[in-house]
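# Architecture at a glance
If you want the building blocks of each chain, they are given just below.
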Amino acid sequence: MPRITPLTPPYTDEIKGHFDRIMPPGAPPLLLFRTLATSERAWRKFRNASLLDRGPLSLRDREIVIDRVCARAGCEYEWGVHVTAFAAAARLTPEQIEATVGGSAHAACWAPNEAALIAAVDALHERAALDDAEFQQLRACYDEAQILEILLLAGFYRTVAYIVGGLDLALEPGAARFAAPAG
């Protein structure tokens, strides 16, 4: 039983227009979106802060940040949505996808700039801060606009994890799942 009942079709023209702008053609709106849209204010605030546009990062860098944030926060829902929708286009290998969940910044599958992203997300997750060395790792690979985008993405997707976890949203059908623990 959902904690907040999501919208069901038929949607108002305004809500349908929002869903159509953010979902691939023919794809139904995500449970997260349908639930947030039950509150005009929450839906508007979410859309205004969502960073759904391309931004200054490559799709690959963006997805590494998002996937790692979601994995570290235990948000299988959003991690699975992103892996399913974007991993192939971002050219993430199965090893890299798995490493977003259980690997470290030192995993051999990451290029130096990608290791800096993983290390930054881990630091933000653990301490809500970057030390000078972690910031310099980012600065060596990214300009200031990109660093700000990394921080904004990390914060936004942590917020998404809070929303998903607070609402205990069911996983999206067909979305990727965290690998089952070995043993």
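I will try to describe carefully the structure that is included in this document. Computed from a prediction, not measured in an experiment: that's the story for all the values here. (Residues numbered from 1 in each chain as written. Predicted model: local features only at pLDDT ≥ 70, side-chain atom pairs only at ≥ 80, totals over all residues. Heavy atoms only, no water.)

Moving on, we get to the overall build of the chain. Counting its secondary structure elements, the chain contains nine helices and zero strands. For the chain, the α and β elements follow one another from N to C terminus as α-α-α-α-α-α-α-α-α. A compact globule built from 183 residues would reach a C-alpha radius of gyration of about 16 Å, and the chain, at 17 Å, matches this within 12%. With the C-alpha coordinates aligned to their principal axes, the bounding extent of the chain is approximately 50 × 45 × 30 Å. Buried positions account for 44% of the 183 residues belonging to the chain. For the chain, contacts bridging at least 24 residues in sequence account for 67% of all contacts bridging at least 6. (Helix = DSSP H or I, 4+ residues; strand = E, 2+ residues; numbered from the N terminus. Rg over C-alpha atoms; globule rule 2.2 N^0.38 Å. Buried < 20%, exposed > 50% of the residue type's maximum accessible area, 1.4 Å probe, protein only. Contact = heavy atoms within 4.5 Å.)

Here we come to the packing of aromatic side chains. For any two aromatic rings, the description comes down to two numbers: the centre-to-centre distance and the angle of the planes. If you walk through the whole model with that rule in mind, you get eight aromatic pairs. Between Y11 and F19, the aromatic rings sit 5.0 Å apart at their centres with planes inclined by 85 degrees, giving edge-to-face as the arrangement. The same class applies to Y11 as to F19, namely buried. Taking 5.1 Å as the distance between ring centres and 85 degrees as the angle between the ring planes, the aromatic pair formed by F156 and Y157 counts as edge-to-face. (Phe/Tyr/Trp six-rings, centres within 6.5 Å; stacked < 30°, edge-to-face > 60°.)

Next up on the list: the packing of helix α8 (residues 132–139) against helix α9 (residues 144–167). Two elements in contact, α8 and α9, have axes whose closest approach is 10 Å; the angle formed by their N-to-C orientations is 120 degrees. It follows from the interaxial angle that α8 and α9 lie oblique. Every residue of α9 that contacts α8 at F135, L138 and R139 is listed here: E144, I147 and I150. Classifying every residue of the contact of α8 with α9 gives four nonpolar, no polar and two charged. (Axes fitted to C-alpha atoms, helices over the stretch in contact; angles between N-to-C directions. Parallel < 35°, antiparallel > 145°, perpendicular 65-115°, else oblique. Nonpolar A, V, L, I, M, F, W, Y, C, P; charged D, E, K, R; others polar.)

Attention now moves to unusual backbone geometry. In this structure, P10 follows P9 across a cis peptide bond, with omega equal to 0 degrees. Here P10 lies in the segment before α1 (13–22). Phi angles above zero are rare outside glycine, and D168 is one such case at about 50 degrees. Position of D168 relative to the elements: it lies in the segment after α9. D168 gets classed as exposed once you look at its relative accessible area, which sits at 54%.

Glancing now at a nonpolar patch on the surface. A surface patch of nonpolar side chains, amounting to about 270 Å² of accessible area, comprises L148, L151 and L152. Within the secondary structure layout, L152 lies in helix α9. The exposure class of L152 is partly exposed, given its relative accessible area of 49%. (Patch = residues over 30% accessible without salt bridge, like charges linked within 9 Å, V, L, I, M, F, W, Y side chains within 5 Å. Areas by Shrake-Rupley, 256 points an atom, 1.4 Å probe, with all protein chains shown as cover. Salt bridge = Lys/Arg side-chain N within 4 Å of Asp/Glu carboxyl O.)

This paragraph deals with α1. The set of residues buried in α1 consists of I15, G17, H18 and F19. Buried residues belonging to α1 abut α2 (31–36) and α3 (40–49).

This part is about the pattern of salt bridges. For the structure on display, the rule yields nine salt bridges. K16 serves as the salt-bridge partner of D20, at 2.7 Å between the closest nitrogen and oxygen. With D20 and K16 both in helix α1 and four residues apart, this pair spans about one turn of that helix. On the basis of relative accessibility, which here comes to 47%, the residue D20 falls in the partly exposed class. The partner of R72 in a salt bridge is E126, with the nearest N and O atoms 3.3 Å apart. With R72 in helix α4 (residues 59–72) and E126 in helix α7 (residues 112–127), this pair connects stretches of sequence that are 54 residues apart.

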